[in-house]
Amino acid sequence: MMTRRQRIIKLLEERDYSPGELALALELRGRGAKKVIVEDLKAIQRTLKREGKVLLIKPAQCRKCGFVFRPEIHLPSRCPRCKSEWIEEPRFKIEAK
(Lines give C-alpha, C1' and ligand atoms only; values in the text may rest on other atoms or scores of the structure.)
Protein backbone atom coordinates (compact mmCIF):
# COMPACT_ATOMS: atom_id res chain seq x y z
CA MET A 1 0.00 0.00 0.00
CA MET A 2 1.42 3.37 -1.05
CA THR A 3 1.22 6.43 1.16
CA ARG A 4 -0.69 9.51 0.02
CA ARG A 5 2.55 11.35 -0.80
CA GLN A 6 3.87 8.41 -2.81
CA ARG A 7 0.62 8.36 -4.80
CA ILE A 8 0.93 12.13 -5.41
CA ILE A 9 4.50 11.67 -6.67
CA LYS A 10 3.38 8.88 -9.01
CA LEU A 11 0.56 11.02 -10.42
CA LEU A 12 2.77 14.09 -10.89
CA GLU A 13 5.40 12.09 -12.75
CA GLU A 14 2.75 11.18 -15.35
CA ARG A 15 1.32 14.67 -16.04
CA ASP A 16 0.60 18.05 -14.44
CA TYR A 17 -2.16 18.47 -11.85
CA SER A 18 -3.70 21.29 -9.82
CA PRO A 19 -4.28 20.74 -6.07
CA GLY A 20 -8.02 20.37 -6.72
CA GLU A 21 -7.44 17.69 -9.35
CA LEU A 22 -5.05 15.84 -7.02
CA ALA A 23 -7.65 15.91 -4.23
CA LEU A 24 -10.23 14.39 -6.62
CA ALA A 25 -7.78 11.77 -7.90
CA LEU A 26 -6.92 10.73 -4.33
CA GLU A 27 -10.59 10.86 -3.31
CA LEU A 28 -10.01 13.48 -0.62
CA ARG A 29 -13.18 15.33 0.30
CA GLY A 30 -14.02 18.27 2.49
CA ARG A 31 -12.93 21.80 3.10
CA GLY A 32 -9.29 21.14 3.93
CA ALA A 33 -8.55 18.70 1.10
CA LYS A 34 -6.63 21.25 -1.01
CA LYS A 35 -4.70 22.46 2.05
CA VAL A 36 -3.61 18.89 2.81
CA ILE A 37 -2.41 18.52 -0.79
CA VAL A 38 -0.46 21.82 -0.58
CA GLU A 39 1.27 20.70 2.63
CA ASP A 40 2.12 17.36 0.99
CA LEU A 41 3.54 19.17 -2.05
CA LYS A 42 5.85 21.21 0.19
CA ALA A 43 7.20 18.02 1.78
CA ILE A 44 7.46 16.30 -1.60
CA GLN A 45 9.51 19.21 -2.98
CA ARG A 46 12.12 18.68 -0.24
CA THR A 47 12.17 14.92 -0.89
CA LEU A 48 12.64 15.35 -4.62
CA LYS A 49 15.79 17.44 -4.18
CA ARG A 50 17.50 14.41 -2.62
CA GLU A 51 16.36 12.17 -5.48
CA GLY A 52 17.62 14.47 -8.25
CA LYS A 53 14.16 15.45 -9.44
CA VAL A 54 12.42 18.81 -9.54
CA LEU A 55 8.84 19.94 -8.90
CA LEU A 56 7.82 22.24 -11.76
CA ILE A 57 5.24 24.90 -10.90
CA LYS A 58 2.99 26.70 -13.35
CA PRO A 59 1.91 29.71 -11.29
CA ALA A 60 -1.65 30.61 -10.39
CA GLN A 61 -3.28 33.26 -12.59
CA CYS A 62 -6.24 35.63 -12.23
CA ARG A 63 -8.87 34.77 -14.81
CA LYS A 64 -10.30 38.30 -14.74
CA CYS A 65 -7.26 40.55 -15.27
CA GLY A 66 -4.53 38.03 -16.14
CA PHE A 67 -2.27 38.76 -13.14
CA VAL A 68 0.31 35.97 -12.73
CA PHE A 69 1.27 35.04 -9.18
CA ARG A 70 4.76 33.96 -8.14
CA PRO A 71 5.54 30.30 -8.88
CA GLU A 72 5.26 28.90 -5.37
CA ILE A 73 3.36 26.17 -3.54
CA HIS A 74 0.47 28.33 -2.39
CA LEU A 75 -3.23 28.70 -3.15
CA PRO A 76 -4.03 32.40 -3.54
CA SER A 77 -7.54 33.42 -2.59
CA ARG A 78 -7.75 36.85 -4.18
CA CYS A 79 -6.00 38.84 -6.90
CA PRO A 80 -3.92 41.72 -5.52
CA ARG A 81 -4.55 43.79 -8.66
CA CYS A 82 -8.32 43.55 -9.25
CA LYS A 83 -9.44 41.83 -5.99
CA SER A 84 -11.20 39.10 -8.00
CA GLU A 85 -11.54 35.66 -6.44
CA TRP A 86 -11.68 34.00 -9.86
CA ILE A 87 -8.21 32.43 -9.64
CA GLU A 88 -6.89 29.56 -11.75
CA GLU A 89 -5.02 27.17 -9.44
CA PRO A 90 -1.29 26.57 -9.89
CA ARG A 91 -0.30 23.35 -11.63
CA PHE A 92 2.49 20.98 -10.61
CA LYS A 93 4.55 18.33 -12.39
CA ILE A 94 7.62 16.28 -11.49
CA GLU A 95 10.54 15.88 -13.89
CA ALA A 96 14.09 14.61 -13.65
CA LYS A 97 16.82 17.26 -13.56
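Our subject is the structure listed above.
One structure accompanies this document, and this report is about it. Computed from a predicted model, the values in this text were never measured in an experiment.

1. Here we look at a positive patch on the surface
Thinking step 1. The grouping of Arg-46, Lys-49, Arg-50 and Lys-97 at the surface amounts to a positive patch.
Thinking step 2. Considering the arrangement of structural elements, one finds Lys-97 in the segment after β4 (91-96).
Thinking step 3. Residue Lys-97 is classed as exposed on the basis of its relative accessible area, which comes to 74%.

2. Regarding the pattern of salt bridges
Thinking step 1. Counted by the stated rule, this structure contains ten salt bridges.
Thinking step 2. Note that Arg-91 and Asp-16 form a salt bridge whose closest N and O atoms lie 2.8 Å from each other. Of the two residues, Arg-91 is situated in strand β4 and Asp-16 in the loop between α1 (4-14) and α2 (19-25); the sequence distance between them amounts to 75 residues.
Thinking step 3. Asp-16 sits in the partly exposed class, given a relative accessible area of 29%.
Thinking step 4. A salt bridge links Glu-89 to Lys-34, with the nearest nitrogen and oxygen atoms 2.7 Å apart. Here Glu-89, found in the loop between β3 (87-88) and β4, pairs with Lys-34, found in helix α3 (residues 33-51); they are 55 residues apart in sequence, far enough to count as distant.

3. Quick word on α1
Thinking step 1. For α1, the full list of buried residues reads Ile-8, Ile-9, Leu-11 and Leu-12. Seen end-on, α1 carries its buried residues on one side only, within an arc spanning 165°.
Thinking step 2. Buried positions along α1 lie against α2, α3, β1 (53-58) and β4.

4. Concerning the environment of Gly-52
Thinking step 1. Here Gly-52 shows up in the loop between α3 and β1.
Thinking step 2. What makes Gly-52 partly exposed here is its relative accessible area of 32%.
Thinking step 3. Residues Gly-52 and Glu-95, spaced 43 residues apart in sequence, show a C-alpha to C-alpha distance of 9.2 Å.
Thinking step 4. When sequence neighbours within four positions are dropped, the list of residues in contact with Gly-52 reads Ala-96 and Lys-97.

5. Overview of the state of the cysteines
Thinking step 1. In total, this model carries zero disulfides according to the counting rule given.
Thinking step 2. Cysteine Cys-62 remains unbridged, with the sulfur of Cys-82 as its closest cysteine sulfur at 3.7 Å.
Thinking step 3. On the basis of relative accessibility, which here comes to 2%, the residue Cys-62 falls in the buried class.

6. Here's the deal with α3
Thinking step 1. Taking 1.5 Å of rise per residue, 19 residues should cover 27 Å, and α3 covers 27 Å from first to last C-alpha, within 8% of that figure.
Thinking step 2. The set of residues buried in α3 consists of Ala-33, Ile-37, Val-38, Asp-40, Leu-41, Ala-43, Ile-44 and Leu-48.
Thinking step 3. Summarising the contacts, the buried residues of α3 are in contact with α1, α2, β1 and β4.
Thinking step 4. One or two positions beyond α3, positive phi appears at Gly-52, with a value near 75°.

Cut-offs and rules
- Along every chain, residues carry numbers that run from 1 in the direction the sequence is written.
- Per-residue local features are limited, in this predicted model, to residues with pLDDT of at least 70; the limit for side-chain atom pairs, both in listing and counting, is 80 or more; totals at the level of whole chains, interfaces and linings are taken over all residues.
- As a convention, hydrogens and water are excluded, and side-chain values are obtained from all of the structure's heavy atoms.
- Patches in this entry comprise residues that are over 30% relatively accessible and not in a salt bridge; like charges within 9 Å are linked, as are nonpolar side chains (Val, Leu, Ile, Met, Phe, Trp, Tyr) within 5 Å.
- Here the Shrake-Rupley method, with its probe set to 1.4 Å, supplies the accessible areas, and only the displayed protein chains count as covering residues.
- Salt bridges, as used here, are contacts in which a Lys or Arg side-chain nitrogen is within 4 Å of a carboxyl oxygen on Asp or Glu.
- The charge count treats Lys and Arg as positive and Asp and Glu as negative. His and the chain ends do not count.
- For charged residues, the charge sits on one atom: NZ in Lys, CZ in Arg, CG in Asp, CD in Glu.
- For the purposes of this entry, the term helix denotes a DSSP run of H or I that reaches at least four residues, the term strand denotes a run of E that reaches at least two, and both are numbered from the N terminus.
- Buried means the residue's accessible area, taken with a 1.4 Å probe over protein chains only, is under 20% of the maximum for its type, while exposed means over 50%, and partly exposed covers the values in between.
- The arc under discussion is defined with respect to the helix axis, by the directions toward the C-beta atoms.
- In what follows, a contact means two residues having at least one pair of non-hydrogen atoms within 4.5 Å.
- When two cysteine sulfur atoms lie within 2.5 Å, the pair is treated as a disulfide.
- Multiplying 1.5 Å by the residue count of a helix minus one yields the expected span of that helix.

That is the geometry; function is a separate question.
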